[in-house]
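Structural description and commentary
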Amino acid sequence: MELLSSVLPVVLLGTCLSLIPVLTRPGLQFGVRVPPDRVDAPVIRQQRRHYLWWTGSLTGGFVVAAAGLAAGTSPLAAGLIPMLIIPAQLGTATAGYLVARHRIRQAKDAQDWYHGLTQVIAADTSWRTEPERFPIRWALPSVAVLAVTAVIGAVRYPSLPERLPIHFTWSGTPDGWAGTSALSAFSLVATQLLVTLLIGALLVAGFRSRPDLDADAPGRSARRYRAFLQITARSVLALAALTNLGLMLACLQMWQLVRISGATAALPGLVGGVIVLAAAVRTGQAGTRLREPAGDEPAGDEPATDTAHRDDDRFWTLGIFYANRDDPAVLVPKRFGVGWTINVANPRTWPMIAVVIVLIIAPALLAAL
Amino acid sequence: MLLHVEPDGAVPIYQQIRDRVVEAIADGALPAGSPLPSIRQLAVDLGVNYHTVNKSYDILRREGFVQLGRKSGAVVRRDPTAGPPTPGYLEDWAARLRTLLAEAAALGVDGPEIIHRCERTVAGFHLPSTPRAPAPAGDPPASAGTLPSHAPTDDRNR
């Protein structure tokens, strides 16, 4: 079990990192905007191959390292192994990404890929006048789990002992204690509330963000983006519900109603992570991997050969950080990955960053108190 | 309605947005009463400055194409079925049309070709063929010369 808990996060993260180039839009390769006639350029195919080899073989190496470390240490330390290896995984994958990005940019500049192309921004007004509806019913399970936990806690609270176990070994034996108070007893319920609110708010913001349509097939990319939003929202709301379920198990453990191992408490969140990963692989960024049934493509959507999405590389530092003062958008689709990133040059973004930081720090502070 | 803007084009972006909306109204993509995105929403979707879209909407409002309400947002006010334009509009339009047609004429496009292009463009709008009162006499202003400036509107192909 300890072996699994130290190896599984490494495998999952390695898989995610290796898959990213397959999930991004064809017109955005390693954070570089690429015109439609160059998405199959030799340099791009080569760099995708190199990146896959690099991250794939490193993941293999990290898995072996994690397993070796887990076998050689105490069960208590085994849980810390991913903390050691995950930064190394992220660092090496980023290095691989930057090399690929650099090579593609070199080719793009040298061969002037946008020469003779009309650069276009496309928008679909029906995106706003007939907005995609947020699947609010999918938020009910996480709210229900939160409510059930709070009710159980309220019933149990008067009969709690003087001291509350707040930390457990991997096998479920308490090894950290705190004086019983509403704060210590309900800290995890507060975390459930934060998880629910934060995920809900970010998804709603995602629904209001711009789809950043492909200029050469705006209608098709708008339909795909709508499907992407629905699938992503459902999978992330499922993750929220499962995370809350894991927190509920931890609460029951803390309130001495059940005795479970760390793996049992972590399992729901892990399942949720796999669901989100599977959904991301299914849709790709912005629904780029979703295929429409043949013959279902409405007319008037023929790609124009001499137009391309505007080359907006200059607003993207390293292809990761977006800063465009003129752009009123707060959330924009990520270039390398699935989901959204923020426009750091927009003052309206700054309060949001502050709120997210506070929400992440608050539980840690609560736990420290 | 799909909206294309060329950010590096010779025409300013606010003008492009205005032109595309007018074209969408003419070809039936935006009938009267259709809602448009709010200024901020369209600016977000295009990734352009708020004031750029604000300028487009302001022009569209002044020209009578859209209505901007505090609650209702931007709504298309009129379309080809909404009756004749305001008095005096046609003269102003004919003057601008003259410039546009003169450009082609000066560059050697012959008369029949110009007429053919005009017909094709108007046919593309699929204007409704509802019977209308005959056009008032003396419609073409003197400055329009020999170019049939009102022909496109009268020559409805359906």
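Residues numbered from 1 in each chain as written. Chains lettered and ligands numbered in written order. Predicted model: local features only at pLDDT ≥ 70, side-chain atom pairs only at ≥ 80, totals over all residues. Heavy atoms only, no water.

1. Some points on the pattern of salt bridges
All names here are of chain A. Here the structure, examined in full by the defined rule, presents 17 salt bridges over all chains. As a salt-bridge pair, Lys 108 and Asp 311 come within 3.0 Å of each other at their nearest N and O atoms. You can see Lys 108 sitting in helix 4 (residues 81-111) and its partner Asp 311 sitting in the loop between strand 6 (307-309) and strand 7 (316-317), a full 203 residues away along the chain. Residue classification places Lys 108 among the buried positions, given a relative accessible area of 5%. Using a relative accessible area of 18% as the deciding quantity, one classes Asp 311 as buried. For the salt bridge of Arg 210 with Asp 327, the shortest nitrogen-to-oxygen distance reads 2.5 Å. In this pair, Arg 210 sits in the loop between helix 7 (182-208) and helix 8 (218-254) while Asp 327 sits in the loop between strand 8 (321-322) and strand 9 (331-333), placing the two residues 117 residues apart along the sequence. For Arg 210, a relative accessible area of 6% translates into the label buried. (Salt bridge = Lys/Arg side-chain N within 4 Å of Asp/Glu carboxyl O. Helix = DSSP H or I, 4+ residues; strand = E, 2+ residues; numbered from the N terminus. Buried < 20%, exposed > 50% of the residue type's maximum accessible area, 1.4 Å probe, protein only.)

2. Things to note about the packing of helix 7 of chain A against helix 8 of chain A
Viewed as axis vectors pointing N to C, helix 7 of chain A and helix 8 of chain A meet at an angle of 180°, and their least axial separation amounts to 9 Å. Classed by the angle they form, the pair helix 7 of chain A and helix 8 of chain A counts as roughly antiparallel. (Axes fitted to C-alpha atoms, helices over the stretch in contact; angles between N-to-C directions. Parallel < 35°, antiparallel > 145°, perpendicular 65-115°, else oblique.)

3. Remarks on the nonpolar core
The tendency in soluble globular proteins is for nonpolar side chains to be buried side by side. Residues and elements named next belong to chain A. Core analysis: the largest hydrophobic core is formed by 29 residues, its most contacted members being Ile 199, Leu 203, Tyr 225, Leu 229, Trp 255 and Trp 340. Breaking this core down by element, the ones donating at least two residues are helix 6 (140-156), helix 7 and helix 8. Sort the elements by how many residues they give to this core and helix 8 lands first, with twelve residues. The contact partners of Leu 203, leaving out residues within four places of it in the chain, are Phe 134, Ala 233, Val 236 and Leu 237. (Core = buried A, V, L, I, M, F, W, Y, C linked by side-chain atoms within 4.5 Å. Contact = heavy atoms within 4.5 Å.)

4. Some thoughts on the interface of chain A and chain B
Chain A puts 24 residues into the contact, and the matching count from chain B is 21 residues. Surface buried jointly by chain A and chain B totals about 2100 Å² across both partners, of which 59% is contributed by carbon and sulfur atoms. Among the residues chain A hides against chain B, the three largest losses belong to Ile121(A), Thr125(A) and Arg128(A). Together they make up 30% of the total. Across the contact surface, chain A and chain B share one salt bridge. With a shortest N-O distance of 2.5 Å, Arg128(A) and Asp45(B) are connected by a salt bridge. Inspection of the region where chain A meets chain B yields six residue pairs in polar contact (both at pLDDT 80 or more). Counting residues per element, the ones that place at least two in the side of chain A that touches chain B are strand 3 (118-124), helix 5 (126-129) and helix 8 of chain A. If you tally residues by element for the side of chain A that touches chain B, the top one is strand 3 of chain A, at seven residues. Of the residues assigned to the side of chain A that touches chain B, the class counts are ten nonpolar, seven polar and seven charged. Of the pairings in the sheet, the one linking strand 3 of chain A to strand 1 (residues 2-5) of chain B comprises four bridges and is antiparallel in character. Of the residues in strand 1 of chain B, the one forming a bridge with Asp124(A) is Leu2(B). (Buried area = accessible area lost by both parts, 1.4 Å probe. Polar contact = N/O pair within 3.5 Å; in protein donor to acceptor, adjacent residues only side chain to side chain. Nonpolar A, V, L, I, M, F, W, Y, C, P; charged D, E, K, R; others polar. Pairing = 2+ DSSP bridges.)

5. Things to note about the pairing of strand 5 (residues 174-179) of chain A
Residue and element names in this part refer to chain A. Note that strand 4 (residues 163-168) and strand 5 share five bridges and pair antiparallel. In the strand pairing of strand 5, Pro 165 is matched with Trp 177. Taking the residues that link successive antiparallel strands as the turn, the strand 4-strand 5 hairpin has five residues, and the phi of Gly 172 there is positive, at about 105°.

6. Things to note about the packing of aromatic side chains
Residues and elements named next belong to chain A. A complete count under the given rule lists 13 aromatic pairs over all chains for this structure. For the ring pair Phe 30 and Tyr 97, a centre distance of 6.4 Å and an interplane angle of 40° mean the geometry is tilted. On the criterion of sequence distance, the pair formed by Phe 30 in the loop between strand 1 (28-29) and strand 2 (32-33) and Tyr 97 in helix 4 is long-range, its members being 67 residues apart. Across the pair, Tyr 97 and Phe 30 agree in class, each one buried. (Phe/Tyr/Trp six-rings, centres within 6.5 Å; stacked < 30°, edge-to-face > 60°.)

7. Quick look at helix 3 (residues 50-62) of chain B
All names here are of chain B. In this model, helix 3 (13 residues) spans 18 Å end to end at C-alpha, consistent with the 18 Å of a helix rising 1.5 Å per residue. Among the residues of helix 3, those classed as buried are Thr 52, Val 53, Ser 56, Tyr 57, Ile 59 and Leu 60. Seen along its axis, helix 3 keeps its buried residues to an arc of 160°; they face one direction. Opposite the buried face of helix 3, by more than 90 degrees, sit the exposed residues His 51 and Arg 62. The inward-facing, buried residues of helix 3 abut helix 1 (13-26), helix 2 (39-46), strand 2 (66-69) and strand 3 (73-76). (Expected span 1.5 Å × (residues − 1). Arc of directions from axis to C-beta.)

8. Details of a nonpolar patch on the surface
All names here are of chain A. Taken together, the side chains of Leu 98, Leu 318, Ile 320 and Phe 321 make up a nonpolar region of the molecular surface, amounting to roughly 320 Å² of accessible area. Note that Phe 321 resides in strand 8. For Phe 321, a relative accessible area of 48% gives the class partly exposed. (Patch = residues over 30% accessible without salt bridge, like charges linked within 9 Å, V, L, I, M, F, W, Y side chains within 5 Å. Areas by Shrake-Rupley, 256 points an atom, 1.4 Å probe, with all protein chains shown as cover.)

9. Points about the sheet that holds strand 1 of chain B
The mixed open sheet is built from three strands, whose spatial order is 6(A)-3(A)-1(B). Where the open sheet ends on each side, the last strands, each with one partner, are strand 6 of chain A together with strand 1 of chain B. In this sheet, neighbouring strand axes are inclined to one another by 45° on average, regardless of whether the strands run parallel or antiparallel. Set on the sheet, helix 2 of chain B makes contact with strand 3 of chain A together with strand 1 of chain B; between it and strand 3 of chain A the angle comes to about 140°.

10. A short note on helix 4 of chain A
Residue and element names in this part refer to chain A. Between the first and last C-alpha of helix 4 there are 46 Å, a value that for 31 residues agrees with the 45 Å anticipated at 1.5 Å per step. Those residues of helix 4 not exposed but buried are Ile 81, Pro 82, Ile 85, Gln 89, Ala 93, Gly 96, Tyr 97, Ala 100, Arg 101, Ile 104, Ala 107 and Lys 108. Of the residues flanking the end of helix 4, it is Asp 112, one or two places downstream, whose phi is positive at about 50°.

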